[in-house]
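Below are the chains, spelled out letter by letter.
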Amino acid sequence: MNERSGAGASGGCGLDVRLWGKEHGLTHPYPLICHLLDTAAVFQVLWDVVLGDGVKATIAEALGLDVAEARSVVAFWAGLHDIGKVSPPFQAQVPDCYGPVRDDPGYASMPGAEGEKDFRHEIATHWALNELLGQEGYPTVDRILRKSVAHQVAQLLGGHHGSFG
């Protein structure tokens, strides 16, 4: 397998371990996809061990899902919390990792994007997920809250460092 395992002639989407997610205090940068999957898995353990049945049922009811579906959906959301780390300003923080990605036409970005130091990954998460979740069919207007569900989920995940964009 290569660094872009799974990508093939069929045009399928592979996992690119060149995108890093964690590096502080580590001997090697940790791939973003691994961090996202770890987060989703840890969430599932927390759901199973920490939350009581009543809380699980309340969350499931609010989402209009059964408890097992709610667990999966919220774990999926947890796993998306750092998707904004794909952004050039974040990836450029580790130049040795960013070089090959920067030069890959599949990751083309606006010239100078990597220099936008004020564009934090959580803001990128909010913006990207609003668009991506909308494309995946999340309601644009919730019948009860009268707000975009895609935007609400994106805002929740984009606020994972304590402030919302």
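Residues numbered from 1 in each chain as written. Predicted model: local features only at pLDDT ≥ 70, side-chain atom pairs only at ≥ 80, totals over all residues. Heavy atoms only, no water.

Engineer: Describe the packing of helix H2 (residues 53-63) against helix H3 (residues 67-79), listing the residues and the values that go with them.
Structural biologist: Following both chains from N to C, one finds H2 and H3 inclined at 80 degrees, their axes separated by 9 Å at the closest point. What the angle tells us is that H2 and H3 run roughly perpendicular. The residues of H3 that touch H2, namely those facing Lys56, Ala57, Ile59, Ala60 and Leu63, are Val67, Ala70, Val74 and Trp77. (Axes fitted to C-alpha atoms, helices over the stretch in contact; angles between N-to-C directions. Helix = DSSP H or I, 4+ residues; strand = E, 2+ residues; numbered from the N terminus. Parallel < 35°, antiparallel > 145°, perpendicular 65-115°, else oblique. Contact = heavy atoms within 4.5 Å.)

Engineer: With reference to specific residues and values, describe the nonpolar core.
Structural biologist: Side chains of a nonpolar character, in soluble globular proteins, are inclined to be buried together. Judged by nonpolar contacts, the single largest core of 17 residues is most densely connected at Phe43, Trp77, Leu129, Leu133, Tyr138, Val153 and Leu157. Listing elements by their share of this core, those giving two or more residues are helix H1 (32-49), H3, helix H6 (121-135) and helix H7 (149-158). When near neighbours in sequence (up to four residues on either side) are disregarded, Leu157 contacts Trp77, Ala78, Leu80, His81, Thr125 and Leu129. (Core = buried A, V, L, I, M, F, W, Y, C linked by side-chain atoms within 4.5 Å. Buried < 20%, exposed > 50% of the residue type's maximum accessible area, 1.4 Å probe, protein only.)

Engineer: A description of the pattern of salt bridges should follow, citing residues and the corresponding values.
Structural biologist: As enumerated under the stated definition, the model contains 6 salt bridges in all. Across the pair Asp16 and Arg18 runs a salt bridge, and its minimum N-O distance is 2.7 Å. Residue classification places Asp16 among the buried positions, given a relative accessible area of 8%. On the accessibility criterion, Arg18 (14% relative accessible area) is buried. The residue Asp82 makes a salt bridge to Lys85 at a minimum N-O spacing of 3.1 Å. (Salt bridge = Lys/Arg side-chain N within 4 Å of Asp/Glu carboxyl O.)

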